[in-house]
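# Descriptive structure summary
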Amino acid sequence: MSNSNVPSKFDVVVVGAGPAGSSAAYLLAKAGFKVLIVERGRGAGTKELYGGKIYAPPLREVWPNLDKEAPIHRWVTTERLSFVWKGRVTTLDFKLGRRVAFTTYLTEMAKWMADKAVEAGAVLVDEVRVDEIITEGGKVIGIRSGPDKLYADIVVDAEGVNRILLEKLGLAEKINPDTVALGVKEVINVGKKAIEERLLLTENEGMAWLLMGDITQGIPGGGFIYTMKDTIALGLVLHIGKAYEAAKSGALKDTVPMMLEKLRVHPYFSRIWRDADVLEYGAHMTIEGGLRYMPKKLYMNGLVVVGDAAGLLLNTGYTIRGVDFAVYSGKLAAEAIIKAFENGGPTEENLSLYEHMLKQSFVYKELVKHSGIVKMMEDPTFFTKLPAIVNGMMGKLFEADYEEPTVLEALLESFREEEMSLTRFLLKMFSVVSRL
Amino acid sequence: MSGEVKGLRPIKIEDLLQRTVYDVDEEPHIEIIDERGVPKELVKLCPCSCYSMVGERLLYSYEGCLECGLCRVLSEPWGLRWEYPKSGRGVQYRFT
Amino acid sequence: MRIVVGIKWVPNTQAVRFDPKTGTLIRAGVPSIVNPHDFPAIELALRLRDNYGGEVIAISMAPPGAIQGLEHVLGMGADKAVLLTDRKFAGADTLATSYVLAKGIEKISREIGPVDLAIFGHETIDSSTAHIGAQVASWLGWPYVYYVRDAKLVGDGVIRALRQTEKAVEEYDIKLPAVLATAIKALKPRPVRLSYKLRAKLEKPIIIWTNDDLGLDPRCTGLKGSPTIVANITWMPEVPRKKIVYKPKDPRDAARWILRQLFTDEAVAPFLRKALWGEE
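Residues numbered from 1 in each chain as written. Chains lettered and ligands numbered in written order. Predicted model: local features only at pLDDT ≥ 70, side-chain atom pairs only at ≥ 80, totals over all residues. Heavy atoms only, no water.

### Section: the overall build of chain B
If you tally the helices and strands in chain B, you get 3 helices and 6 strands. The N-to-C order of helical and strand elements in chain B reads α-β-β-α-β-β-α-β-β. The principal-axis extent of the C-alpha atoms belonging to chain B is close to 55 × 35 × 20 Å. Counting every position in chain B, which comprises 96 residues, the buried fraction comes to 55%. Of all intrachain contacts in chain B linking residues separated by at least 6 positions in sequence, the fraction that spans at least 24 positions is 65%. Carbon and sulfur atoms make up 52% of the accessible area of chain B, which totals about 4300 Å². In chain B, the 13 positive side-chain charges and the 16 negative ones have mean positions that sit 5 Å from each other. (Helix = DSSP H or I, 4+ residues; strand = E, 2+ residues; numbered from the N terminus. Buried < 20%, exposed > 50% of the residue type's maximum accessible area, 1.4 Å probe, protein only. Contact = heavy atoms within 4.5 Å. Areas by Shrake-Rupley, 256 points an atom, 1.4 Å probe, with all protein chains shown as cover. Lys, Arg positive; Asp, Glu negative; His and termini not counted. Charge placed at Lys NZ, Arg CZ, Asp CG, Glu CD.)

### Some points on the interface of chain A and chain B
Often, the extent of an interface is quoted as the loss of accessible area on bringing the components together. At the interface, 54 residues of chain A touch 47 residues of chain B. For the pair chain A and chain B, the summed buried area comes to about 4600 Å², and 56% of that belongs to carbon and sulfur atoms. Of all residues in chain A, A:Arg129, A:Glu280 and A:Tyr281 bury the most surface against chain B, accounting for 16% of the area lost on that side. At the surface where chain A touches chain B, the tally comes to 7 salt bridges. A:Lys47 is paired through a salt bridge with B:Glu67; the nearest N and O atoms lie 3.1 Å apart. (Buried area = accessible area lost by both parts, 1.4 Å probe. Salt bridge = Lys/Arg side-chain N within 4 Å of Asp/Glu carboxyl O.)

### Things to note about the interface of chain B and chain C
Counting residues at the interface gives 17 residues for chain B, matched by 18 residues for chain C. At the boundary of chain B with chain C, total buried surface from both sides reaches about 1400 Å², with 47% on carbon and sulfur atoms. Our enumeration of links across chain B and chain C arrives at 1 salt bridge. The salt bridge involving B:Glu27 is made with C:Lys188; its shortest N-O contact spans 3.1 Å. Summed over the shared surface of chain B and chain C, the result is 6 residue pairs in polar contact (both at pLDDT 80 or more). For the side of chain B that touches chain C, the class distribution of residues is 5 nonpolar, 4 polar and 8 charged. (Polar contact = N/O pair within 3.5 Å; in protein donor to acceptor, adjacent residues only side chain to side chain. Nonpolar A, V, L, I, M, F, W, Y, C, P; charged D, E, K, R; others polar.)

### Some details on the nonpolar core
What tends to happen in soluble globular proteins is that the nonpolar side chains get buried as a cluster. If you look at the biggest cluster of nonpolar residues, it comprises 224 residues, and the most contacted ones within it are A:Met109, A:Trp273, A:Tyr354, B:Tyr51 and C:Leu180. Broken down by element, the residue count for this core peaks at 11 residues, all from helix α10 (residues 323–342) of chain A. Here C:Leu180 is in contact with C:Leu44, C:Leu117, C:Ala118, C:Ile119, C:Phe120, C:Tyr144, C:Val145, C:Val148, C:Ala151, C:Ala161 and C:Ile174, once residues within four sequence places are set aside. Among the nonpolar cores identified, the runner-up in size contains 25 residues, and C:Leu84, C:Val100, C:Val179 and C:Leu216 belong to it. (Core = buried A, V, L, I, M, F, W, Y, C linked by side-chain atoms within 4.5 Å.)

### Focus: the state of the cysteines
Here, disulfide denotes a covalent bond that connects the sulfur atoms of two cysteines. Residue and element names in this part refer to chain B. What the rule picks out here adds up to 0 disulfides over all chains. Cysteine Cys48 is unpaired, with the sulfur of Cys50 as its nearest cysteine sulfur at 3.6 Å. Between Cys68, a cysteine without a disulfide, and Cys48, which holds the nearest cysteine sulfur, the sulfur-to-sulfur distance is 6.3 Å. Judged by relative accessible area, which is 7%, Cys68 ranks as buried. (Disulfide = S-S within 2.5 Å.)

### A few points about the confidence of the model for chain B
Residue and element names in this part refer to chain B. The predicted model of chain B averages 89 in pLDDT, with 91% of residues at 70 or higher. Throughout residues 1–5 the model reports pLDDT below 50, and contacts reaching past four residues in sequence, or to other chains, amount to 3 contacts. Of the two predicted TM-score estimates for the complex, the pTM is 0.92 and the ipTM is 0.92. (pLDDT = per-residue confidence, 0-100.)

### Considering the sheet that holds strand β9 (residues 144–153) of chain C
All names here are of chain C. Across the sheet, 9 strands lie side by side as β11-β10-β9-β12-β8-β1-β6-β7-β13; this open sheet has mixed pairing. The strands lining the two open edges of the sheet, one partner per strand, are β11 (169–175) and β13 (206–209). Looking at each pair of strands side by side, their axes are set apart by 35 degrees on average, direction ignored. As paired elements, strand β8 (residues 117–120) and strand β12 (residues 178–182) share 4 bridges and run parallel to each other. Residue pairing across strands places Ile119 opposite Leu180, the latter belonging to β12. Contacting β1 (2–6), β6 (55–61), β8, β9, β10 (158–164) and β12, helix α1 (residues 39–52) runs over the sheet at an angle of about 25 degrees to β9. (Pairing = 2+ DSSP bridges. Axes fitted to C-alpha atoms, helices over the stretch in contact; angles between N-to-C directions.)

Printed below as a string of structure tokens:
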């Protein structure tokens, strides 16, 4: 550092003021560590894209006053899952018995989390891109940004899904397109009253609505609708490896923005935002296969990896969990770092506790438990046949002019139409269910 | 009801990107080094339609970039220089 | 050399949208940025300091939100920043703004050390008046050169400002103290640096002066000190435009194609013929 009055070393340097970085920074600053968070965006949150559902319990372990203080938009009281096929839509609607998750924009939430870390004593430097994690003799000793180096006893890598630093460091390989998905999203200003009236919600009640079917044009993935206070987040998630194959073979008709547009103007869904306008459009990469995305090691001498960079995201098709996993990994990293310092410092051996704690935690267990469904998510049977069969059957049951088929007849007929045998389908589903 | 129904109206990608805030850097943060290492499929897949074919050439304009990293994942490291913008510039999400 | 550089904290006009229903600009939720045309001024100030020593002080008259912008400039390497903020300054036109800025510069000269040079950007993206540099120079009674692309010290207390016009490069030697305004995109700004930004966050070298500190007559500041009256704003009707995408084989083909379009357009061709060949 060029200026003598400014420290050239911190106890902890956190790269990235996202949920994982800020929770680690908050807990470490509270424990008395000198913590610096370096964030590339203009303030925390400006590069975040997730307007969705966040599970509260893991966050409450870090911020017990979460419910009162955090920028929560609505508590999810209704979950919907829709199968969309050629103009037909079949929807499962579940009214929750209790409130476990809330909706919010991660831009706001990440800012709140970073503010908490700063209140606890961490220093946040924004508008600064970290270019490299620097090592010396196999030990991480700090970071470099442009010509500036800054040293730390330990670096917490919370750089997010595009793990450029980890790749440079050799801790992660180049991202495999089959392990990531592209999320695109629009924010639509529907208005508080209209959201509540049109989606049968009362004040503060929210909805998480996932869609699957031909809206992704055969690409594994799906659509989502989340209700915020007075806006709606509408988007698509697309498996990148399969989307690339589809584009290459010519099977993909539309550009990605066109696919989202088709969902926005879909005659069934668009009635929800019929008189509204799009306020913002964004895109972000997300993790498709959590465990496959995970680097071989989540720690080394002087370094721990948390959040998306560590592959800690679960996408089951009916639910996406990333923010709470990130926060929880930040918490475990902070606890492991505190322990490591009590035991002589952040050596590789002492930091292995982090990975151990993570593997014992619900985060890793969830990722292992649901690895089957993650595989299934890549199966076109699931994405094209299931919505087609469900809607085919419903059509036969309810669109008959004179003679209605029995449920079994309708089911068998819709299987025949999709050239799929019921037994094969059931076997497939069974093999998947057994892995769930 | 009278008048146009906005929710049903298609929006051109240029107009859509106008709704997102950028502080565009003078210096591009992404650059095609060798076209052979950058797939043409990005014309369809890039969420901000930053890639386009002009004749046989694949062109990239960084101004509307949403910094998702898709093109980095699909390109060869020698084909594309991909960095985040400096000094807090680039896309400035307000909601999402 | 002590250099003051003027900064305006402006709404990011790219994000300001027009509401066709009400005919007003939608500014709500639009984040502010450092006026892009101020960056050549900041860069010139930093280069002069790097070459000749001294310090760069960023100055802005703005609500407290502008601290974020001043931190950005500190992150680029400015040494200090002064924020002139007071409700009494609100609603100012360029005259009242330049008055407060000039008084701020005088106060810097008295309390921090004599100011040798004040540099401003060409204009702001939200009002495009290009007044401030000239007005501050008038209040201070200092010489002023604008459209400056570069500058260097020549001899004792004399700065040579380089101006580029369409056909010539002009060099002005002026005695310090002086005011310069840079041309748009004259110099490429340096990025924010970790060490400088960290210093800005830790040492907080931003001095805040309210009107109590400046002691200005409230009749000369803010709305009261602003003789400018915006009588009316008329929005230009949107002209429907035809959009054609043509993919040329090479530049020659592109030029041919454009000419063919222009000369076959009934609305444009007569004007072109008249302008080029005097044909009626």
